[in-house]
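Examination of the molecular architecture
Spelled out from the first residue to the last, the chains are:
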Amino acid sequence: MIPDARPERTTELWAHLFEGLQGYLVTFTGQQSDRLQARPNELDGPRQRSWRWPEEKDEAAAYLLDQSDARRDAYFGVHLFRKSGTRKGEHAGEVQALWVDGDGARVPRDWPQPTAVVESSPGRHHFYWRLTRPIAPDEAAQLNRRLCYGMGGDKGKWGLGTVLRAPGTRNYKRERPTLVAGGVGA
Amino acid sequence: MRSVGTPQAWDPEVIDQAIPQLPKAVPSSNGTGLLNEPPVELTHEALRVWHGEKPKTKATGEINRSASLVKIGRAIYDAGATRPAIVTALAERDEALGWRKYTGRADAGNRYHEIVDELESNGRNSRARMSVGGGGGKQDNLPTIIVNNRQLPEVTVEAIEALAAHNDPPEIFVRAGRLVRVREDENGTPEIQPMDDPHVKGRLARVANYVRTTEKGETKVIPPDWLVKDVGQLPYWPFPSLEAVVEAPIMRPDGTIFDTPGYDPETKLYYRPGEGFEVGRIPGTPTKADTRDAISLLDEAVGEFPYEDNASAANVLALMLTPLVRQAVSGPVPLALIDKPQAGTGGSLLAETIAIIGSGRTAEMLGAPRDEEEWRKQITAKLAAGATMITVDNVEGSLYAPSLARALTARTWTDRILGRSETVTVSQRATWIATGNNIQLRGDLPRRCIWIRLDARESRPWQRENFKHPDLLGWVTKNRSRLVRALLTLARAWFAAGKPKAPDLPRLGSFEAWAETVGGMVAFAGIPDFLGNLAELYDKADAGGLEWEAFLYTWWEELDASKPITVAELSKVISNNDDLRAALPGDLAEAFDKSAGGFSRKLGTALAKRAGTRYGENGMHIVRAGEFRRAVRWKLELSSTECEFVSLVSLYNPSAGKKLEDKKATGAEKDSTNSQTHTQAETPHRDPEAWEETF
């Protein structure tokens, strides 16, 4: 048996984004719809769960990887929430890291460089910037938005409540699934 | 994975000052601030779609922007809008509704055109008609088969004859001992589908009329189940054998190109090109200019990846050629290992690029299973489905897979069918790729691999810019026919020149046929260093071997290594000898640090495991040298430079048969005299002259 290092990769990224904070981590999973008219990444059977951070981080990572192994796309909320069972922006906790779904775009060289990168599919990356101090959710959303528009990332992913793919899981959106790779300082 | 120079956290103020402010809101292009009118008259419902009031959403609740753009495109396309009008309208909607899915992107125009492509491929206001397929035509022209009051074999023979008569061009094939057919899924992807009873029944119904005859006349019936089962379970069918479905022209073993859509009896392949895919005629004898142009085009596809050495680039060309010339290679094909020091260097992108060129789609993906059983199952599943390119994606750490190693050198693959007590045997003609970061090959895999090493030599390789084709996969897909043509041009040039051998081709055991064929093509195209990094690959894979070599040579120098020593004695010496301790291989050094008892046990196991293995140029090896007080003793020896191998000829004793006859003649009398009778005959005959007489 070859040891599976994926849970550590997931929790390593989470520690980078959430270390020092307390709240609820959200996981979100769903299965690519097999309906004929379904668009790519249209998910059936969505499941959302909240986990106490940091107490339940390992369970959350193991859960996401199990879900991924069961051919479900696995995401996590990119910031913590103050309340369990919700992913609404109004319940967002303080934010310690900014994020952009690059969707093929790159970070300009003269910008502050991301502190973590996740390759969600070949050539497409999620970028994270760990902050020296937590900031208010709305402030984070506005900075995210500027980062996103400035570099030409996915305009639908800068807001609060965004979920992004967890490293170590599989991306089933594409015709052939690919492993979501990357990590802190990658 | 940690980069140098990037802080592990940023002050929000720094980010705030470094990034641009948001662009000012852009009014819609009619300058009124109101949303533009649609280019065609729309119904009330379609108008709501136009105004973005009925967007498509994802399960996550957010707007699915690309699907919503398609929906708007559908609304105006069905209402009669033309392609240019739709493209213009989509660009305007994308921005005006604030979705900005493709707004501002360099490839935005292409994306909108792709939406129109999709709309046009499905047709205006109607679904594409489903083809019932399967020959037949008018039922009146079909043969009639009476299915009652007859013996089963008679009916089956007629049914098989009817199937065979309607199988030109072939649509039913035999693969892995089963009837199969080639079908397309809803995306137009061809696949090999085993024909289960319902498929056989449907096909039978389309190639003959089945009747029951009675005194009152004939009654038409559908093919009876007993007939369907009998047809499906025959041991032999008069249908062609199918190896795989390919989506590019293929070079045959004789160097000709199979480029006519349909089945090719010579290669047993079914060529099914994608819509609009046309390679054109490949020159029979390509000129140097043809070769130069081909290399130049291929370089656009794969030339901007950061190869660590020339050999890696040459190996990529060989890998690209492989699926297209696979039938011209009589033996197995090695695994192409695309390896890089860190994520984001482009390994997966390179693998995808090669797969799209070779097969028209991304490769079949294997997720580097964690246990051997899973490897076996996945390999069986992929090969049984007829996969021609298989990628083991994002290998983590070490790659150890005896099943994969076995598959790579096999021409056929046999395995048990999941959930059944049957086995399946399929041909193994796939091209295999593995990608990952600093992959450590283990077991038998190193000598079954070629190495493509990428290294961007920068801490953030994903930030590289100024690529000739930023949307590489899009460009490759669009130019696939040209790229395939370029590869086949290189292959043809080599054939036309008389298949010259590449100079200084390293030996790649078990894969000589492949290396000679593609290596010849690569070298003839003027690209040097094919397989030039094999030695580095073996060194990298054999990191443990190098450690043992160092340890044994230190042992040789520090002790009288020809004198046998027990493990306990050797452990004691090691603990008192700094040089020996420093030379311990990694796992032994770890055990040494933990406990003395554990170290001795581990050392004993390690010596036994490596006994006889040759290390270094002198062939240093561990030898078991008897026992002392029930403890095994070990010593070191150097190999002699010349080895004596036993052969059948060296063992041959020409007079043995005669002796046997003599023995038979003397019978019980000789037998009773015991073994002394045989002494002379048991000595092998080693007189060289006697050999010549005999042979």
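Thresholds, definitions, all that
Every chain is numbered on its own, with residues counted from 1 as its sequence reads. Lettering for chains starts from A, numbering for ligands starts from 1, and both go in the order in which the items are written. Reporting of local features is limited, given that this is a predicted model, to residues whose pLDDT is at least 70; pairs of side-chain atoms are given and counted only at 80 or more, and all residues count toward the totals for whole chains, interfaces and linings. Hydrogens are left out, water is left out, and the side-chain values use all remaining heavy atoms of the structure. Helical segments are the DSSP runs of H or I of at least four residues, strand segments are the runs of E of at least two, and each set is numbered from the N terminus. With a 1.4 Å probe rolled over the protein chains alone, any residue whose accessible area is under 20% of its type maximum counts as buried; one over 50% counts as exposed, and the rest are partly exposed. Should any heavy atoms of two residues lie within 4.5 Å, those residues are counted as being in contact. Accessible areas in this description were obtained via Shrake-Rupley with a 1.4 Å probe; residue shielding takes into account the shown protein chains only. Axis lines are fitted to C-alpha atoms, over the contacting stretch for helices. Their N-to-C directions set the angle, which ranges from 0 to 180 degrees. Left-handed describes a crossing in which the near helix is turned anticlockwise from the far one by less than a right angle; the clockwise case is right-handed. Each residue gets one of three labels, nonpolar for Ala, Val, Leu, Ile, Met, Phe, Trp, Tyr, Cys and Pro, charged for Asp, Glu, Lys and Arg, and polar for the others, Gly among them. By nonpolar core is meant a set of buried Ala, Val, Leu, Ile, Met, Phe, Trp, Tyr and Cys residues that side-chain atoms within 4.5 Å join together. Criterion used throughout: strands pair if DSSP finds at least two bridges between them. Note: the arc covers the axis-to-C-beta directions of the helix. Salt bridge, as used here: a side-chain nitrogen of Lys or Arg that lies within 4 Å of a carboxyl oxygen of Asp or Glu. Between 30 and 60 degrees the pair is tilted, below 30 it is stacked and above 60 it is edge-to-face, where a pair is any two Phe, Tyr or Trp rings, Trp via its six-membered ring, whose centres lie within 6.5 Å. Geometrically, a lysine NZ or arginine CZ counts as sitting over a ring once it is within 6 Å of the ring centre and also within 35 degrees of the ring normal. Per residue, pLDDT measures the predictor's confidence, with a range of 0 to 100.

Examining the overall build of chain A
Across its full length, chain A carries three helices and ten strands. Going from N to C terminus, chain A has its helices and strands arranged as α-β-β-α-β-β-β-β-α-β-β-β-β. Going through the 186 residues of chain A one by one, you find that 65% of them count as buried. Nonlocal contacts in chain A, meaning residues at least 24 apart in sequence, comprise 69% of its contacts between residues at least 6 apart.

Re the overall build of chain B
Assigned secondary structure in chain B consists of 26 helices and 23 strands. In chain B, which comprises 695 residues, the proportion classed as buried is 46%. Within chain B, contacts between residues separated by at least 24 positions form 70% of all contacts whose residues are at least 6 apart in sequence. Within the structure as shown, chain B displays about 35700 Å² of accessible surface, and the carbon and sulfur contribution to it stands at 50%.

Remarks on the environment of I63 of chain B
All names here are of chain B. You can see I63 is positioned in the loop between α2 (44-50) and α3 (65-78). Note on I63: relative accessible area 34%, which makes it partly exposed. Residues I63 and W99, spaced 36 residues apart in sequence, show a C-alpha to C-alpha distance of 8.4 Å.

Some points on the packing of helix α10 (residues 310-325) of chain B against helix α16 (residues 512-524) of chain B
Residue and element names in this part refer to chain B. Packing of α10 against α16 leaves a shortest axis separation of 9 Å and a crossing angle of 115°. In this structure, α10 crosses over α16, and the sense of that crossing is right-handed. Between α10 and α16, the contacting residues are A314, L317, A318, L321, T322 and V325 on the first element and W514, V518, M521 and V522 on the second. Counted by class, the contact of α10 with α16 contains nine nonpolar, one polar and no charged residues.

Observations concerning the nonpolar core
Within the largest apolar cluster, 99 residues are counted, with the highest numbers of intra-cluster contacts made by L350, W432 and W514 of chain B. Discounting residues that sit within four places of it in the chain, W432 of chain B has contacts with P334, L335, A336, L366, I379, L383, I390, L404 and L408 of chain B. Core analysis: the next-biggest nonpolar cluster, separate from the first, contains 46 residues, L21, Y63, L80 and V95 of chain A among them.

Focus on the pairing of strand β18 (residues 431-437) of chain B
A regular strand places its side chains on the two faces of the sheet in alternate fashion. All names here are of chain B. Across the seven residues of β18, six count as buried, placing the element largely inside the fold. The pairing of strand β12 (residues 335-340) with β18 spans five bridges and is parallel. Each residue of the ladder has a partner; that of A336, found in β18, is I433. In this sheet, β18 lies alongside strand β14 (residues 389-395) in parallel orientation, the contact comprising five bridges. In the sheet register, V392 faces β18, and the bridge partner there is A434.

Side note on the packing of helix α12 (residues 372-384) of chain B against helix α13 (residues 402-409) of chain B
All names here are of chain B. It is the contact of α12 with α13, at a shortest axis distance of 8 Å, that shows an interaxial angle of 35°. Contacts from E372, W375, R376 and I379 in α12 reach P402, S403, L404, R406 and A407 in α13. Taken together, the residues of the contact of α12 with α13 sort by class into five nonpolar, one polar and three charged.

A look at helix α19 (residues 567-575) of chain B
Residues and elements named next belong to chain B. Among the residues making up α19, those that are buried are V567, L570, S571 and I574. Across the axial projection of α19, the buried residues extend over an arc of 105°, all falling on one side. α19 presents A568 and K572 as exposed residues on the side facing more than 90 degrees away from its buried surface.

Remarks on the sheet that holds strand β3 (residues 73-77) of chain A
All names here are of chain A. Taken together, four strands build an open sheet; the order of strands is β2-β1-β3-β7 and the sheet is antiparallel. The open sheet terminates on both sides in strands that have one partner only, identified here as β2 (43-53) and β7 (163-165). Strand-to-strand twist of the sheet, defined as the mean angle between neighbouring strand axes without regard to direction, takes the value 30°. Bridging between strand β1 (residues 23-32) and β2 involves nine bridges; their strand directions are antiparallel. Bridge pairing links T29 to R47 in β2. Seen against the sheet, helix α2 (residues 57-69) touches β1, β2 and β3 and runs at an angle of roughly 165° to β2.

Description of the pattern of salt bridges
Residue and element names in this part refer to chain B. Across all of its chains, the model carries 38 salt bridges over all chains by this definition. For R453, the salt bridge is made with D339, and the minimal N-O distance between the two is 2.7 Å. Residue R453 is located in strand β20 (residues 449-453), and its partner D339 is located in strand β12; the two are separated by 114 residues in the primary sequence. Comparing R453 with D339 shows no difference in burial state: the two are buried. Salt-bridge contacts for R581 lead to D578; the nearest nitrogen and oxygen are separated by 2.6 Å. Of this pair, R581 and D578 both sit in helix α20 (residues 578-582), three residues apart, roughly one helical turn. The partly exposed category is assigned to R581, whose relative accessible area is 28%. What makes D578 exposed here is its relative accessible area of 53%.

Considering the sheet that holds β20 of chain B
Residues and elements named next belong to chain B. The parallel open sheet is built from five strands, whose spatial order is β13-β14-β18-β12-β20. Only two strands of the sheet have a single partner each, and these edge strands are β13 (364-366) and β20. Direction aside, the axes of adjacent strands within the sheet are offset by 25° on average. Along the sheet, helix α11 (residues 347-359) makes contact with β12, β13, β14, β18 and β20, crossing β14 at roughly 175°. Against the sheet, helix α17 (residues 534-541) makes contact with β12 and β20, and its axis sits at roughly 95° relative to β20, the strand it touches most.

Details of the packing of aromatic side chains
Tallying each qualifying case throughout the model produces 15 aromatic pairs over all chains. Pairing F18 of chain A with F76 of chain A gives two aromatic rings, centres 6.4 Å apart and planes at 75°, and the pair type is edge-to-face. Taken together, the residues span a long stretch of sequence, with F18 of chain A in helix α1 (residues 6-18) and F76 of chain A in strand β3 at a distance of 58 residues. Here the aromatic rings of F173 of chain B and Y270 of chain B are separated by 5.8 Å at their centres, their planes lie at 85°, and the arrangement is edge-to-face. Placement of the pair is F173 of chain B in strand β2 (residues 172-175) and Y270 of chain B in strand β11 (residues 269-271), with a sequence separation of 97 residues. Y270 of chain B gets classed as buried once you look at its relative accessible area, which sits at 18%. When the ring centre of Y63 of chain A is taken as origin, the NZ or CZ atom of R49 of chain A, which lies over that ring, is 4.7 Å away. If you follow K155 of chain A out to its NZ or CZ, it ends over the ring of Y149 of chain A, 5.3 Å from the centre.

Quick notes on the confidence of the model for chain A
Residues and elements named next belong to chain A. For chain A, the average pLDDT comes to 86, and 88% of its residues sit at 70 or higher. For chain A, the element scoring lowest by mean pLDDT is strand β10 (residues 181-184), at 69; strand β4 (residues 95-101) scores highest, at 95. Across residues 1-5 the pLDDT falls below 50, and counting only partners more than four positions away or on other chains, this stretch makes six contacts in the model.

Structural notes on the side chain of R376 of chain B
Residue and element names in this part refer to chain B. Among the secondary structure elements, R376 is positioned in helix α12. With relative accessibility at 16%, the residue R376 sits in the buried group. In contact with R376, other than residues within four places in its own chain, are S403, R406, W413, D415 and R416.

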